[in-house]
Amino acid sequence: QRAGAYYQAKVCEALVLLLDATASSEQCSRCASASSTGIVTSACALIEGNLAADLSTRAISAALHIGMSTLIQAFHDVKHTTPQAYVRTARLERAKLILASGCTSIAEVAAQVGYRNQGAFSEAFRRYAQVTPSRFRRSAPPHP
């Protein structure tokens with residue numbers, strides 16, 4: 001009987017410790033979430049304002065004075081993506097806007113959104129939009 005009571009007490013103790021650890025973990029994740037949101041907000045502003053610049057994860061984290069792993073984790077927590085996937089999407093969305101205006105060559109669009117090589121830009125754009133940049137430009141409604 002003593003052994004049964006002892007084991008029952010140990011199981012209860014383990015459950016209390018587990019519940020306490022879970023509650024602490026949830027509080028920490030809420031704190032991390034607030035911190036992550038601030039990091040991602042700053043990173044997104046930096047990215048959107050500097051699409052032609054070097055936007056490697058290393059460059060972004062250096063500009064924000066944080067570690068690369070902190071930046072990557074923040075993007076994972078808040079945007080459910082990586083910093084580089086976000087950069088790629090931001091660049092290609094901006095390219096769509098510029099292409100729709102019809103006033104800029106594809107090489108210039110590529111340079112404006114951070115691609116040093118027009119071929120690499122065209123391939124990335126085709127994978128993203130399922131259409132080439134020139135075909136996208138032809139099919140885009142006229143820009144006022």
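Here, every reference points to the structure presented above.
Colleague: I would appreciate a short explanation of the packing of aromatic side chains in the present structure.
Modeller: Between two aromatic rings, the relevant description is the distance of the centres plus the angle of the planes. One pass over the full model with this rule turns up four aromatic pairs. Taken together, the aromatic side chains of Y115, F121, F125 and F136 make up a single cluster linked through ring pairs.

Colleague: What is the right way to read the side chain of T57 from this model?
Modeller: Positionally, T57 belongs in helix α2 (residues 57–64). Polar contacts involving the side chain of T57 include one to the side chain of Q84, which spans 3.3 Å. Among all residues touching T57, those that are not within four sequence positions of it are M68, L71, I72, P83 and Q84.

Colleague: Even after reading the chapter, I still don't get the environment of A85, so can you show me in this structure?
Modeller: Within the secondary structure, A85 is located in helix α4 (residues 83–101). Distance in space between the C-alpha atoms of A85 and F75 is 9.9 Å, their sequence separation being 10 residues.

Colleague: Honestly, the nonpolar core in this entry has me stumped. Any pointers?
Modeller: Side chains that are nonpolar tend, in soluble globular proteins, to be buried together. Counting 15 residues, the largest nonpolar core has L99, Y115, F121 and F125 as its most contacted members. Every element with two or more residues in this core is listed here: α4, α5 (106–112) and α6 (118–129). No other element matches α4, which puts four residues into this core. Contacts of F125, omitting those with residues within four sequence positions, involve L92, A95, K96, L99, Q130, V131, T132, P133 and F136. Counting residues in hydrophobic clusters, the runner-up holds 14 residues, among them C44, L55, F75 and V87.

Colleague: Help me understand the pattern of salt bridges, please; the structure alone is not making it clear to me.
Modeller: Note that side chains of opposite charge can pair when their charged atoms are close. Applying the stated rule across the entire model yields four salt bridges. Residue R94 pairs with E48 through a salt bridge whose shortest N-O separation is 3.7 Å. One end of the pair, R94, is in helix α4; the other, E48, is in helix α1 (residues 2–49), with 46 residues separating them in the sequence. Accessibility expressed as a relative area gives 32% for R94, which makes it partly exposed. A salt bridge links R127 to E123, with the shortest nitrogen-to-oxygen separation between them at 3.4 Å. Taken together, the residues R127 and E123, both in helix α6 and four residues apart, mark about one turn of the helix. Judged by relative accessible area, E123 falls into the partly exposed class, the value being 32%. If you follow the salt bridges from partner to partner, you end up with E123, R126 and R127 in one network.

Each value, and the rule that gives it
All residue numbers refer to position in the chain's written sequence, counted from 1. Selection of residues for local features in this predicted model requires a pLDDT of at least 70, selection of side-chain atom pairs for listing and counting requires 80 or more, and totals for whole chains, interfaces and linings are taken over all residues. Derived side-chain values reflect all non-hydrogen atoms in the structure, with water molecules and hydrogen atoms excluded from consideration. Only rings of Phe, Tyr and Trp enter the pairing, Trp through its six-membered ring, and a pair is recorded when the two centres are within 6.5 Å. The plane angle decides the type: under 30 degrees is stacked, over 60 is edge-to-face, the rest tilted. Helix and strand definitions here come from DSSP, where helices need a minimum of 4 consecutive H or I residues and strands a minimum of 2 consecutive E residues; each element is numbered from the N-terminal end. Pairing of N or O atoms within 3.5 Å defines a polar contact, subject to two protein rules: one partner must be a possible hydrogen donor and the other a possible acceptor, and residues neighboring in sequence count only if both atoms are side-chain atoms. It only takes one pair of heavy atoms within 4.5 Å for two residues to be counted as in contact. By convention a nonpolar core is built from buried Ala, Val, Leu, Ile, Met, Phe, Trp, Tyr and Cys residues, the set being connected through side-chain atoms within 4.5 Å. Buried residues are those whose accessible area, probed at 1.4 Å on protein chains only, stays under 20% of the maximum for their type, while exposed residues exceed 50% and partly exposed ones sit between those limits. Only one rule defines a salt bridge in this text: a Lys or Arg side-chain nitrogen within 4 Å of an Asp or Glu carboxyl oxygen.

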